[in-house]
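One-letter residues, chain by chain:
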Amino acid sequence: MIYDYLIVGSGLFGAVFAHEAHKVGKKCLVIDKSDHIAGNVYCEKIEGINVHKYGAHIFHTSNKDVWDYINQFAEFNNYINSPVAIYKDELYNLPFNMNTFSKMWGIKTPAEAKEIIEKQRSEYKIGEPKNLEEQALSLAGKDVYEKLIKGYTQKQWGRPCTDLPSFIIKRLPFRFTFNNNYFNDRYQGIPIGGYTKIVEKLLDGVDVSLNTDYYDFIKINPNIARKTVFTGMIDEFFGYKLGTLEYRTVRFETEILECDNYQGNAVVNYTDYEVPYTRIIEHKHFEFGNQEKTVISREYSTEWTPGMEPYYPVNDEKNTHLYSRYKELAEQEKNIIFGGRLGQYKYYDMDKVIEAALHLVSEEL
Ligand SMILES: Cc1cc2nc3c(=O)[nH]c(=O)nc-3n(C[C@H](O)[C@H](O)[C@H](O)COP(=O)(O)OP(=O)(O)OC[C@H]3O[C@@H](n4cnc5c(N)ncnc54)[C@H](O)[C@@H]3O)c2cc1C
């Protein structure tokens, strides 16, 4: 055995694990099938702008330990995520807050907003909601649902809200203050210089091999390490023998524009169904860039098929059950630990994936 750990995947989970294990003298090899490190948080420099290649990533957390941890590897700027929604020719602030309500109804006070919402909601108190549309109407009322939820959700899931289960929306984050900060977390920002640099620092001193697929590599090097940390897809690891776990994915259309400011905000959601994309990201605004050109990405929510980037696990009953069966198989693999968003078939925010990797490493070492 040459290494203590073979770490499959150089995303945040693998990189944090490798960093901590290396720090206490364990020999680690990180492999990634991709031609770059950092997995989903990889940023590519285009026209001097850090482009979030796999979708907009905003770091936010309420966990001070995680915040202190990540700040060892980067300085964060003071970016606050304040998306804007465009519905036909109307423009609204998100999340749903007093700015949204005053624009929608021409009102000024929280009491007025609450009264309108309550009145609209009461028209839809229809017992147990049978689908997402009924759920959203009973929580938000007609105006917010029709203008800000319906079309966006249909595009996100690729089917009408009447065909979607109600559990997708459990509650709606109404805020009766003039506060456009999307997140409620204590800490938030974008790492100055991009996310890839964080992963570079995490992997400093660790052996890394890119363009290296686990399945080819392990055939040639079966005894390379004492243990493996696997952050790829759990169903693929087991040859899909119990079936394929489903995902939703996003297709990005990225374009360089000959103007310095296209939409005036990093994130603009298109909430009417007729516009085929869900959002436009203008990357420079994450870092308050003042480059001459700008780079935008239109996001199209798409059904995932093998070969595409798997993004959002579909946590319905069928897939949850299938994952639990794969998890049983995984538990029988004594020298392989499955972690991260693909290894655990779980949507993890970045702070949560760091927390999970730190937890695993402390158990392991
Ligand atoms: C569109 C989108 C937007 C997001 N936005 C945010 C956000 O704003 N804020 C936030 O906190 N979180 C966000 N996240 C979540 C964030 O991306 C994840 O928490 C994090 O990237 C997960 O890290 P990971 O290491 O588990 O997975 P990944 O980053 O996916 O790393 C897995 C790595 O394993 C490699 N790999 C897979 N299979 C193999 C194999 N067979 N052989 C070798 N290598 C392999 C892959 O190439 C990849 O590099 C977002 C996620 C998505 C999908």
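As a starting point, this report considers the structure included with it. Not measured: the values here are computed from a predicted model. (Residues numbered from 1 in each chain as written. Predicted model: local features only at pLDDT ≥ 70, side-chain atom pairs only at ≥ 80, totals over all residues. Heavy atoms only, no water.)

1. Section: the site of the ligand
Close contacts around the ligand come from 29 residues, with Asp-32, His-57, Arg-341, Tyr-348 and Met-350 the closest. One of the side-chain N or O atoms of Asp-349 is found 3.2 Å from a nitrogen atom in the ligand. Here the ligand has 1000 Å² of accessible area as a free molecule, and 95% of this is covered by the chains. For the shell around the ligand, the secondary structure elements donating two or more residues are α1 (12–23), α8 (214–220), α11 (340–343) and α12 (350–364). Considering only residue class, the shell around the ligand consists of 15 nonpolar, nine polar and five charged. (Near = heavy atom within 4 Å. Polar contact = N/O pair within 3.5 Å; in protein donor to acceptor, adjacent residues only side chain to side chain. Areas by Shrake-Rupley, 256 points an atom, 1.4 Å probe, with all protein chains shown as cover. Helix = DSSP H or I, 4+ residues; strand = E, 2+ residues; numbered from the N terminus. Nonpolar A, V, L, I, M, F, W, Y, C, P; charged D, E, K, R; others polar.)

2. Here we look at the nonpolar core
Counting 53 residues, the largest nonpolar core has Phe-59, Phe-286 and Ile-354 as its most contacted members. Elements that contribute at least two residues to this core include exactly β1 (3–8), α1, β2 (28–31), α2 (64–70), α7 (196–202) and α12. Within the second largest apolar cluster, 27 residues are counted, among which are Tyr-3, Val-8, Phe-237 and Leu-322. (Core = buried A, V, L, I, M, F, W, Y, C linked by side-chain atoms within 4.5 Å. Buried < 20%, exposed > 50% of the residue type's maximum accessible area, 1.4 Å probe, protein only.)

3. Considering the sheet that holds strand β11 (residues 247–257)
One open sheet holds the seven strands; their spatial order is β7-β6-β12-β13-β14-β11-β15, and the pairing between them is mixed. Strands with a single pairing partner mark the edges of an open sheet, and in this sheet they are β7 (90–93) and β15 (312–313). Strand direction decides the pairing type here: strand β12 (residues 267–270) and strand β13 (residues 279–282), joined by three bridges, are antiparallel. Pairing of Val-267 across the sheet is with Ile-281, part of β13. (Pairing = 2+ DSSP bridges.)

4. Side note on the environment of Phe-338
As for its placement among the helices and strands, Phe-338 is situated in strand β16 (residues 336–338). The class of Phe-338 is buried, set by a relative accessible area of 13%. Through-space distance from the C-alpha of Phe-338 to that of Asn-290 is 42 Å; in sequence the pair is 48 residues apart.

5. Details of the pattern of salt bridges
Counted by the stated rule, this structure contains 20 salt bridges. In this structure, the salt-bridge partner of Glu-90 is Lys-147, at a minimum N-O distance of 3.0 Å. Here Glu-90 is found in strand β7, whereas its partner Lys-147 is found in helix α6 (residues 142–157), with 57 residues between them in sequence. Given a relative accessible area of 25%, Glu-90 falls into the partly exposed group. With a closest N to O distance of 3.7 Å, Glu-118 and Arg-121 form a salt bridge. A residue pair is termed a helical-turn pair when its members lie 3 or 4 positions apart in one helix, as Glu-118 and Arg-121 do in helix α4 (residues 110–122) at three residues. One network of salt bridges, in which partners are shared, links Arg-251, Glu-253, Glu-255 and Arg-298. (Salt bridge = Lys/Arg side-chain N within 4 Å of Asp/Glu carboxyl O.)

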